[in-house]
Amino acid sequence: TTISLYAHWTDARVEASVSTAPSANTGLVYSGEEQALITAGSTNEGTIKYSLSETGPFTTEIPTGTDSGSYRVYYKIEGDDAHLDSDVDYVEVTISTLPVTATYYNNCPGADDVFATVTSDDYFKAPDDEPERAGWIFAGWYTAADGGDQYIFIDPSVAGHDHYPVTATTISLYAHWTDARVEAS
């Protein structure tokens, strides 16, 4: 009679853990360029992998972001021969909007030179009021005192308005006027 004996094994590996957890890069401000969202973590128990999605795909590349807003960078450790894979965890990261300032000039004799200065986040906003000039009709804000292009204000929070990246932190705009005075007869 032959008796066969079989060994049963219990997996004694433990879940891999980080030596240093990945950390959010702080002070990120919208620039129109990709920015690394985190500083890499470290482990001696496998390989740390990252993703912007909880379900992956996970890679060793540090995730980047371009647009302002909140991001979650997910990470996990793929365990080595002595360690099991870790659970997925995440780090919250924010890219702040770019504060922008527009200075509006009256562009007419006898008025204060600066009509208004408006600071906002991420896009240039028109002043709450339009300038006034006796006998003239306000024709809009332009990029130069004489000539220039009319500045079209775009509000990304309004449906149908496309958001465009701000490439400067300041802008100067000038009131243009249409003569509404009537000739004396």
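This one's a predicted model, so the numbers in the text were calculated from it and none came from an experiment.

## Observations concerning the environment of Arg-133
No. 1: On the secondary structure map, Arg-133 appears in the loop between strand E11 (114-121) and strand E12 (136-142).
No. 2: Sequence spacing of Arg-133 and Asp-179 is 46 residues, and the spatial spacing of their C-alpha atoms is 9.8 Å.
No. 3: Sequence-distant contacts of Arg-133, defined by excluding residues within four places in its chain, comprise Asn-107, Cys-108, Pro-109 and Trp-177.

## With respect to the sheet that holds strand E5 (residues 46-51)
No. 1: With respect to topology, 3 strands assemble into an open sheet ordered E5-E7-E9, the strand pairing being antiparallel. With partners counted over all chains shown, the strands left at the sheet margins are E5 and strand E9 (89-95), one partner each. On average, adjacent strands in this sheet sit at an angle of 25 degrees to one another, irrespective of strand direction.
No. 2: Pairing geometry for E5 and strand E7 (residues 69-79), over 6 bridges, is antiparallel. When the sheet's bridge partners are listed, Gly-46 is paired in E7 with Gly-79.

## Re the packing of aromatic side chains
No. 1: Following the criterion strictly, the structure yields 6 aromatic pairs and no others.
No. 2: With centroids separated by 5.1 Å and ring planes inclined at 15 degrees, the aromatic side chains of Tyr-105 and Tyr-174 adopt a geometry described as stacked. Separated by 69 residues along the polypeptide, Tyr-105 in strand E10 (residues 99-105) and Tyr-174 in strand E13 (residues 170-179) bring together distant segments of the chain.
No. 3: Centroid distance Phe-138 to Trp-177: 5.7 Å. Interplanar angle 70 degrees. Geometry classified as edge-to-face. Of the two residues, Phe-138 is situated in strand E12 and Trp-177 in strand E13; the sequence distance between them amounts to 39 residues.
No. 4: Under the relative-accessibility criterion, Trp-177 is labelled buried at 13%.
No. 5: Put simply, the rings of Tyr-104, Phe-115, Phe-138, Trp-141 and Trp-177 touch in pairs and so form one group of aromatic residues.
No. 6: Note that Arg-72 overlies the ring of Tyr-90, its terminal NZ or CZ placed 4.0 Å from the centroid.
No. 7: Directly above the ring of Phe-58 sits Lys-76, whose terminal nitrogen or CZ lies 4.8 Å from the centroid.

## Concerning a negative patch on the surface
No. 1: Together, Glu-15, Asp-85, Asp-87 and Asp-89 line one region of the surface with negative charge.
No. 2: With respect to the secondary-structure elements, Glu-15 resides in strand E1 (residues 14-15).
No. 3: You can call Glu-15 partly exposed: its relative accessible area is 40%.

## Side note on the side chain of Lys-49
No. 1: Structurally, Lys-49 can be placed in strand E5.
No. 2: A polar side-chain atom of Lys-49 sits 3.2 Å from a polar atom in the side chain of Glu-78.

## Here we look at the pattern of salt bridges
No. 1: Per the counting criterion, the structure on display carries 2 salt bridges.
No. 2: Residue Glu-78 is joined to Lys-49 by a salt bridge in which the shortest nitrogen-to-oxygen separation is 3.2 Å. Of this pair, Glu-78 sits in strand E7 while Lys-49 is found in strand E5, placing the two residues 29 residues apart along the sequence.
No. 3: A residue is classified by how much of its surface remains accessible, and Glu-78, at 31% relative accessible area, is partly exposed.
No. 4: Owing to a relative accessible area of 19%, Lys-49 belongs among the buried residues under this scheme.
No. 5: A salt bridge links Arg-72 to Glu-92, with the nearest nitrogen and oxygen atoms 2.7 Å apart.

Basis of the calculations
Residues numbered from 1 in each chain as written. Predicted model: local features only at pLDDT ≥ 70, side-chain atom pairs only at ≥ 80, totals over all residues. Heavy atoms only, no water. Helix = DSSP H or I, 4+ residues; strand = E, 2+ residues; numbered from the N terminus. Contact = heavy atoms within 4.5 Å. Pairing = 2+ DSSP bridges. Axes fitted to C-alpha atoms, helices over the stretch in contact; angles between N-to-C directions. Phe/Tyr/Trp six-rings, centres within 6.5 Å; stacked < 30°, edge-to-face > 60°. Buried < 20%, exposed > 50% of the residue type's maximum accessible area, 1.4 Å probe, protein only. Lys NZ or Arg CZ within 6 Å of the ring centre and 35° of its normal. Patch = residues over 30% accessible without salt bridge, like charges linked within 9 Å, V, L, I, M, F, W, Y side chains within 5 Å. Areas by Shrake-Rupley, 256 points an atom, 1.4 Å probe, with all protein chains shown as cover. Salt bridge = Lys/Arg side-chain N within 4 Å of Asp/Glu carboxyl O. Lys, Arg positive; Asp, Glu negative; His and termini not counted. Charge placed at Lys NZ, Arg CZ, Asp CG, Glu CD. Polar contact = N/O pair within 3.5 Å; in protein donor to acceptor, adjacent residues only side chain to side chain.

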